[in-house]
Amino acid sequence: QVKLVESGGGSVEAGGSLRLSCAASESHYSRYCVAWFRQTPGKEREAGAVLYPPRRGVPFYPDSTRGRFTISQDNAEDTVYLQMDRLEPKDTAMYYCAAAPEIVCLRVDDRYRPAMYTIWGQGTQVTVSS
């Protein structure tokens, strides 16, 4: 199965931007639904963005990030990005990229559920100061 490695996290002031990267051990994500999740102490892991199919770049966003976050992939289809703009303190979290069977992206009630994803990266920390 594909191996995922995140990078690009850091500390920014509110209103700033960061771009996270998720590199895959394979040359493409064509068989997967790919998502970015985030988690803070005391809170459940929540979805930040979902990409389906990765090779076509069809995105899905929950209300918490829609309009501020953009998920995409590179031309080689071996890296998925999360562009985060107008960051807010509430965005502070450990961010993880994850992959699931392609069908997960087709299910409205499943695409944002962490339990649907079986492949996870190690995470990258994002801290937004007020």
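Refer to the structure above for everything that follows.
Everything quoted here is computed from the prediction, not taken from an experiment.

Asker: Before we move on, could you go through the environment of G16 and cite the residues and values that matter?
Answerer: In this fold, G16 is placed in the loop between β2 (10–13) and β3 (18–24). Residues G16 and R86, spaced 70 residues apart in sequence, show a C-alpha to C-alpha distance of 5.4 Å. Leaving out residues up to four positions away in the same chain, G16 has contacts with M84, D85, R86 and L87.

Asker: Tell me about the pattern of salt bridges, residues and numbers included.
Answerer: Applying the stated criterion across every chain yields a total of seven salt bridges. Between E88 and R68 there is a salt bridge, with its nearest N and O atoms 3.8 Å apart. Pair noted here: E88 is in the loop between β8 (79–84) and β9 (93–101) and R68 is in the loop between β6 (59–60) and β7 (69–73), with a separation of 20 residues, a long-range link. Taking the relative accessible area as the measure of exposure, E88 reaches 28% and is therefore partly exposed. The buried category is assigned to R68, whose relative accessible area is 8%. Here R113 ties to D110 by a salt bridge, and the two come within 3.1 Å at their closest N and O atoms. For D110, a relative accessible area of 15% corresponds to the buried category. By sharing partners, the salt bridges in this structure join R38, E46, R68, E88, K90 and D91 into a single network.

Asker: Now, about the nonpolar core: what can you tell me, with residues and values included?
Answerer: Core analysis: the largest hydrophobic core is formed by 27 residues, its most contacted members being L4, W36, I71, V80, L82, M84 and Y95. At the level of secondary structure, the elements contributing two or more residues to this core comprise β3, β4 (32–39), β5 (46–51), β7, β8, β9 and β11 (124–129). Of all hydrophobic cores here, the second largest spans twelve residues; its members include A35, A47, A98 and V104.

Cut-offs and rules
- Residues numbered from 1 in each chain as written.
- Predicted model: local features only at pLDDT ≥ 70, side-chain atom pairs only at ≥ 80, totals over all residues.
- Heavy atoms only, no water.
- Helix = DSSP H or I, 4+ residues; strand = E, 2+ residues; numbered from the N terminus.
- Contact = heavy atoms within 4.5 Å.
- Salt bridge = Lys/Arg side-chain N within 4 Å of Asp/Glu carboxyl O.
- Buried < 20%, exposed > 50% of the residue type's maximum accessible area, 1.4 Å probe, protein only.
- Core = buried A, V, L, I, M, F, W, Y, C linked by side-chain atoms within 4.5 Å.

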